[in-house]
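Remarks on the overall topology
Spelled out, the chains give:
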Amino acid sequence: MGNEMEKEAEEKRTESCCHMKSTPREEAGLRQLKNRLSRMVGQLNGIGRMLDENRYCGEVLTQVAAVESALQAFGYLVLQEHMETCVVEEIRKGNTDVVEEAVELIKKLK
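Residues numbered from 1 in each chain as written. Predicted model: local features only at pLDDT ≥ 70, side-chain atom pairs only at ≥ 80, totals over all residues. Heavy atoms only, no water.

Regarding helix α2 (residues 27-52)
- Its 26 residues give α2 an end-to-end C-alpha distance of 37 Å, which sits within 8% of 38 Å, the value for a rise of 1.5 Å per residue.
- Leu 33, Met 40, Gly 46, Ile 47 and Met 50 are the residues of α2 that are buried.
- In this structure, the buried side of α2 is in contact with α3 (57-92).
- In the stretch just after α2, Asn 54 is the one whose phi turns positive, near 55 degrees. (Helix = DSSP H or I, 4+ residues; strand = E, 2+ residues; numbered from the N terminus. Expected span 1.5 Å × (residues − 1). Buried < 20%, exposed > 50% of the residue type's maximum accessible area, 1.4 Å probe, protein only. Contact = heavy atoms within 4.5 Å.)

Here we look at the side chain of Asn 95
- Tracing the backbone through its elements, the reader meets Asn 95 in the loop between α3 and α4 (97-108).
- For Asn 95, a relative accessible area of 12% gives the class buried.

Here's the deal with the pattern of salt bridges
- What the rule picks out here adds up to five salt bridges.
- A salt bridge links Glu 59 to Arg 55, with the nearest nitrogen and oxygen atoms 2.8 Å apart.
- By relative accessible area, which is 39% here, Arg 55 ends up partly exposed.
- One salt bridge in this structure joins Lys 93 and Glu 89, with 3.2 Å as the shortest N-O distance.
- Since its relative accessible area comes to 40%, Glu 89 is described here as partly exposed.
- Here the salt bridges do not stand alone but share partners, grouping Glu 53, Arg 55 and Glu 59 into one network. (Salt bridge = Lys/Arg side-chain N within 4 Å of Asp/Glu carboxyl O.)

What follows is the structure, given as structure tokens:
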């Protein structure tokens, strides 16, 4: 029963927080994010080619680490944008539940 109540509370928080909304982004910022994402996709494809070529494990792992680092930086950029826009906007509206959502998002990016 307690678990069901927790799930219900989480669903209510999810409904009230801004990830259910769209985030208007400036064209330049959106282009930057998409470029970063495209580079990461290219790196992942490169890792696939390295596997096809039976490249040395250490070289593959180096590229995996590079993609992880790039993805982490990408996540932090999106988080910063989220904090500066969505979270601030929701707090100004009086929705302090968004802080809990932000904390959970930060934990996911660890």
